[in-house]
Amino acid sequence: MSVNKQEPSFMKKAAIQLAAGGSAGCIEVSIMHPLDLVKTRFQIQSNTTNLNSERVQYNGLRDCFVKMYRTEGIKSFWKGVLPPIMVETPKRAWKFFTFEQFQNMFLFGRDKPNALTYSLAGLGSGVTEAIIVNPFEVVKVKLQSNQSHQSVTPSTGSVARNNIFIDHISREESPIIKAYHCRGDGFQNRDKISIIKTDGIFGANGLLGKGITATMGRNGFFNMIYFGFYHSTKDLIPASTDPKIELAGKILLGFTAGTLGSCFNIPFDVAKSRIQGPQHPDVPVYRGTAKVILRVYKEEGFMALYKGLLPKVLRLGPGGAIMLIIYEKMSNYLYQKYP
């Protein structure tokens, strides 16, 4: 006698989606963070401002890794890792959970989702997750942009509390010392600087709102391409009885989806890094996503909008593959464990 398998309840589905997405995000960010840091260093690098001209400049991926290792130490590659560790688990969980829910909103009367459904659901999940992740991004970018040695880098807590950037330095100090402190190396010499003014929590320059529209654009468009492409094409790959071949196919598909998403959304990522990164305290030049994109294009050229693309692809391509595979494996395991 056949027994009908009971459909899991909504709460059980939600819990499994949250647990699987959180596990996938935590593992992915732990492995790929150094490439995210290098990407940020490239994106905030500009020769058009005095502040950036005083910073260490990088001429490529290898050059950045070598200079950071020599001047900042091996642990510097994980600068700013705590904020994404704290938020990536709920962020990834929210991404997959809301993606599943948004699919129901964009079926447009069909029984099954199509490419448009997947893309719009991805867009919705990315925009909403940006609201959650943006405060952590502000802190992460400030930690990643600090070029001081690992032994004197400010803690995540102090950056979060003070929203740290030097906003005032004694006028008696020379321009070289001023640039030295603005670069971030002066945190060890707190007696030489005024106590740092906070940007606050709310408002366009606060912890919650700084670069929020750029983060929405970055996450929204990435998820739109990422989920739209992956779920629209995964069924086109012939099934294989060999688990290694099946795994290789999923890795290649995840890498392709992540790479396409990275190429599409990187101008927003550059704008986000410029807005949230170090600026001159008296005359900030990067305000507003559209204005920043236009300014970078006019002053540095079209290709400047693609700064950091290589480490971004190297991180999000394999990272996307890792995340999707772990999510699917974890989901299957939890459904079997808790039928």
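Treat the numbers as computed from the prediction; the structure is a model and nothing was measured.

## Here's the deal with the packing of helix 1 (residues 10–44) against helix 5 (residues 115–145)
Across the interface, helix 1 lies against helix 5 with an axial gap of 9 Å and an inter-helix angle of 80°. Taken together, the axes of helix 1 and helix 5 lie roughly perpendicular to each other. Counting all contacts with helix 1, which are made through His33, Asp36, Leu37, Thr40, Arg41 and Ile44, the residues of helix 5 involved are Lys140, Val141, Gln144 and Ser145. Each residue belonging to the contact of helix 1 with helix 5 can be placed in one class, and the counts come to three nonpolar, four polar and three charged.

## Some points on the nonpolar core
Formed by 19 residues in total, the largest nonpolar core has its most connected members in Phe96 and Tyr226. When residues of this core are traced back to their parent elements, those giving at least two are helix 1, helix 4 (82–105), helix 5, helix 8 (212–233), helix 9 (243–276) and helix 11 (309–337). Residue contributions to this core peak at five residues, all from helix 11. Once residues lying within four places of it in the same chain are set aside, the contact partners of phenylalanine 96 are Gly21, Phe227, Met323, Leu324 and Tyr327. The next biggest cluster of nonpolar side chains, apart from the first, holds eight residues, and it includes Ala214, Ala271, Ala304 and Leu305.

## Observations concerning a nonpolar patch on the surface
A cluster of nonpolar side chains, namely Leu294, Tyr297, Phe302 and Met303, defines an oily patch on the protein surface of about 450 Å² accessible area. Here leucine 294 is to be found in helix 10 (residues 289–300).

## Brief notes about empty space enclosed by the protein
Under the definition given, this model contains five cavities of 30 Å³ or more. There is about 230 Å³ of room inside the largest cavity. Lining the largest cavity are 21 residues, with Lys91, Arg218, Asn219, Arg315 and Leu316 sitting closest to its centre. Residue composition of the lining of the largest cavity, by class: four nonpolar, four polar and 13 charged.

## Details of helix 5
When the terminal C-alpha atoms of helix 5 are compared, their 38 Å separation across 31 residues is substantially less than the 45 Å that a helix rising 1.5 Å per residue should span. If you look at helix 5, its biggest bend is around 50°, right at valine 133, and the proline proline 135 turns up within four residues after that. Of all 31 residues in helix 5, 22 are buried; the element is thus mostly enclosed.

## Some remarks on the packing of aromatic side chains
Summed over the entire model, instances satisfying the criterion amount to 11 aromatic pairs. Between phenylalanine 99 and phenylalanine 227 the ring centres are 4.1 Å apart and the planes differ by 15°, which places this aromatic pair in the stacked class. You can see phenylalanine 99 sitting in helix 4 and its partner phenylalanine 227 sitting in helix 8, a full 128 residues away along the chain. Both residues of the pair, phenylalanine 99 and phenylalanine 227, belong to the buried class. With a centroid separation of 5.3 Å and 25° between ring planes, the pair formed by phenylalanine 221 and phenylalanine 268 is classed as stacked. With phenylalanine 221 in helix 8 and phenylalanine 268 in helix 9, the pair connects residues that are 47 residues apart, well separated along the chain. In this structure phenylalanine 221 comes out as partly exposed when scored by relative accessible area, which is 27%. An aromatic cluster of three or more residues is present, and its members are Phe99, Tyr118, Phe222, Tyr226 and Phe227.

## Quick notes on the confidence of the model for the protein chain
With 81% of its residues at a pLDDT of 70 or more, the protein chain has an overall mean of 80. Within the model, pLDDT remains below 50 along residues 164–197, and this stretch shows 55 contacts once partners closer than five positions in the same chain are excluded.

## Some details on the layout of surface pockets
Any empty space left between the atoms is revealed when a probe the size of a water molecule rolls over them. By volume, the largest pocket amounts to about 450 Å³. Lining the largest pocket are 18 residues, with Glu100, Gln103, His231, Lys234 and Tyr327 sitting closest to its centre. The set of elements that each furnish at least two residues to the lining of the largest pocket consists of helix 4, helix 8 and helix 11. Looking at which element gives the most residues to the lining of the largest pocket, the answer is helix 11, with six residues. Here the residues of the lining of the largest pocket are counted per class, giving nine nonpolar, six polar and three charged.

What counts as what
Sequence positions are assigned chain by chain, starting from 1 and proceeding in written order. For a predicted model such as this one, the threshold for reporting local features is a pLDDT of at least 70, and the threshold for listing and counting side-chain atom pairs is 80 or more; totals across whole chains, interfaces and linings nevertheless cover every residue. Working from all heavy atoms in the structure, the side-chain values ignore hydrogens and water. Axis lines are fitted to C-alpha atoms, over the contacting stretch for helices. Their N-to-C directions set the angle, which ranges from 0 to 180 degrees. Only DSSP runs of H or I covering at least 4 residues are called helices, and only runs of E covering at least 2 are called strands; the numbering of each starts at the N terminus. Any angle that falls under 35 degrees is termed roughly parallel, while one over 145 is termed roughly antiparallel, one within 65 to 115 roughly perpendicular, and all others oblique. In this description, contact between two residues means that some pair of their heavy atoms is separated by no more than 4.5 Å. For this classification, the nonpolar set comprises Ala, Val, Leu, Ile, Met, Phe, Trp, Tyr, Cys and Pro, the charged set comprises Asp, Glu, Lys and Arg, and every other residue, Gly included, is treated as polar. Throughout this description, the term nonpolar core refers to a set of buried Ala, Val, Leu, Ile, Met, Phe, Trp, Tyr and Cys residues connected via side-chain atoms within 4.5 Å. The buried label applies to any residue whose accessible area, calculated with a 1.4 Å probe on protein chains only, is under 20% of its type's maximum; exposed applies above 50%, and partly exposed to all values in between. Within the patch definition used here, like charges are joined within 9 Å and nonpolar side chains (Val, Leu, Ile, Met, Phe, Trp, Tyr) within 5 Å, considering only residues with over 30% relative accessible area and no salt bridge. Only the protein chains shown count as cover for residues, with accessible areas throughout obtained via the Shrake-Rupley method and a probe of 1.4 Å. Only one rule defines a salt bridge in this text: a Lys or Arg side-chain nitrogen within 4 Å of an Asp or Glu carboxyl oxygen. A 1.4 Å probe that fits but cannot get out identifies a cavity on a 1 Å grid over protein atoms alone, an open set with protein on both sides within 12 Å along at least five of seven lines counts as a pocket, and a residue lines either if it has an atom within 4 Å of a point. Grid points are joined across faces, edges and corners, and a volume is the space filled by probe spheres set on the points. Expected span of a helix, by definition, is 1.5 Å for each gap between consecutive residues, and there is one gap fewer than residues. To get the bend at a residue, fit one axis to the 7 residues ending there and another to the 7 starting there, then take the angle between the axes. Any two of the Phe, Tyr and Trp rings considered here, Trp counted by its six-membered ring, make a pair once their centres fall within 6.5 Å; the pair's planes then place it as stacked at under 30 degrees, edge-to-face at over 60, or tilted in between. pLDDT: the predictor's confidence for each residue, scored from 0 to 100.

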